[in-house]
Amino acid sequence: NPDASQSFCGNGSRCAFAAWWQGQPQATLRSDAVRFTAIDGEHTAAWSGGLVSIGMRDVAGIERIEDRMDFIHTGSPHLLVWVEDPEAIDIIPEARIHRYGPRFNAEGVNVNFLRWKDGRLEMRTYERGVEGETLSCGTGVTAAALSAMGRGLISGHCDVRTRGGDLLVTADAAADGFRSITLAGPVKEVFTGEVEI
């Protein structure tokens, strides 16, 4: 993060896998899952139906803070705030109320504003460490989907729309949370460059 803090990045991991894959023997790797280690442990990544899919860590449970708020840790801590319309939120001041509030001030929290509409989630994310809005947050999308599943809005899979694009989360419900969680979405190379060391 710009402030030198660290946490797992779902979309960054998907992009890192896609960049690594470009330099590998394509015929043997297109359908093979690979393992990688991140700050929160081991994950898997693979191509799946033209999308890059990564395996997320199991989630032990959802903390219901109040009727419209859940807290979930998906490699990064996420507060899920259910609202009427995420696009109507003045995201910086609204998120900072929670980010710098008494409970989360010390370690910080990512704040996600979401709603269920037309069979999918719509959301916006304020990320700690960035201290501003990001167009798409993979761990936040995962947390939002699990919040929707935990509230009974959908089960098994969840389409999520962010300002940066659409992602898909799948998960199996368990007695103590969720297992076999995946985050999938498209990847696109937007620039290349060279660094002289």
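Up top is the structure these notes are about.
Residues numbered from 1 in each chain as written. Predicted model: local features only at pLDDT ≥ 70, side-chain atom pairs only at ≥ 80, totals over all residues. Heavy atoms only, no water.

Trainee: Looking at this structure, I do not really get helix H4 (residues 138-150). What am I missing?
Mentor: Each α-helix winds once per 3.6 residues, and so residues spaced three or four apart point in a common direction. Taking 1.5 Å of rise per residue, the 13 residues of H4 would be expected to cover 18 Å, and the 18 Å separating its terminal C-alpha atoms lies within 8% of that figure. With respect to burial, H4 is a largely interior element, 12 of its 13 residues being buried. Taken as a whole, H4 has its buried residues at Gly138, Thr139, Gly140, Val141, Thr142, Ala143, Ala144, Ala145, Leu146, Ser147, Ala148 and Met149. Positioned one or two residues after H4, glycine 152 has a phi angle of 80 degrees, which is positive. (Helix = DSSP H or I, 4+ residues; strand = E, 2+ residues; numbered from the N terminus. Expected span 1.5 Å × (residues − 1). Buried < 20%, exposed > 50% of the residue type's maximum accessible area, 1.4 Å probe, protein only.)

Trainee: Looking at this model, I keep getting lost on the layout of surface pockets. Mind explaining?
Mentor: Sizing a probe to match a water molecule and rolling it over the atoms shows the empty space that remains. If you add up the space inside the largest pocket, you get close to 250 Å³. As for the largest pocket, its lining consists of Cys15, Ala16, Ala18, Ala19, Trp21, Gln22, Trp47, Val187, Lys188, Glu189, Val190 and Phe191. Sort the elements by how many residues they give to the lining of the largest pocket and helix H1 (residues 10-22) lands first, with six residues. Taken together, the residues of the lining of the largest pocket sort by class into nine nonpolar, one polar and two charged. Here the second largest pocket defines a volume of roughly 220 Å³. (1 Å grid on protein atoms, 1.4 Å probe; cavity = no way out; pocket = protein on both sides within 12 Å on 5 of 7 lines; lining within 4 Å. Points joined across faces, edges and corners; volume = space filled by probe spheres on them. Nonpolar A, V, L, I, M, F, W, Y, C, P; charged D, E, K, R; others polar.)

Trainee: Before we go on, may I ask you to explain the pairing of strand S10 (residues 157-162) in this structure?
Mentor: Along any regular strand, the residues point their side chains to alternate faces of the sheet. Side chains of S10 alternate between two faces, with Cys158, Val160 and Thr162 buried and His157, Asp159 and Arg161 left unburied. Both strand S8 (residues 120-127) and S10 contribute to a ladder of two bridges, which runs parallel. Bridging across to S10, glutamate 122 finds its partner in arginine 161. Remark: two residues form the turn of the hairpin made by S10 and strand S11 (residues 165-174), two consecutive strands paired antiparallel. (Pairing = 2+ DSSP bridges.)

Trainee: Please explain the packing of aromatic side chains as it appears in this structure.
Mentor: The description of an aromatic ring pair uses the distance of the two centres, along with the angle that the planes make with each other. On inspection of all chains with the given rule, the structure shows four aromatic pairs. Here tryptophan 21 and tryptophan 47 contribute two aromatic rings whose centre-to-centre distance is 5.0 Å and whose plane-to-plane angle is 65 degrees, an arrangement assigned as edge-to-face. Here the residue tryptophan 21 occupies a position in helix H1, and tryptophan 47 occupies one in strand S2 (residues 41-48), the gap between them amounting to 26 residues. Take tryptophan 21: its relative accessible area is 11%, and that puts it in the buried class. Residue class for tryptophan 47 comes out buried when judged on its relative accessible area of 15%. Three or more aromatic residues joined by ring pairs form one cluster here, namely Phe17, Trp20, Trp21 and Trp47. Positioned above the aromatic ring of phenylalanine 71, the side-chain terminus of arginine 103 is 5.3 Å from the ring centre. (Phe/Tyr/Trp six-rings, centres within 6.5 Å; stacked < 30°, edge-to-face > 60°. Lys NZ or Arg CZ within 6 Å of the ring centre and 35° of its normal.)

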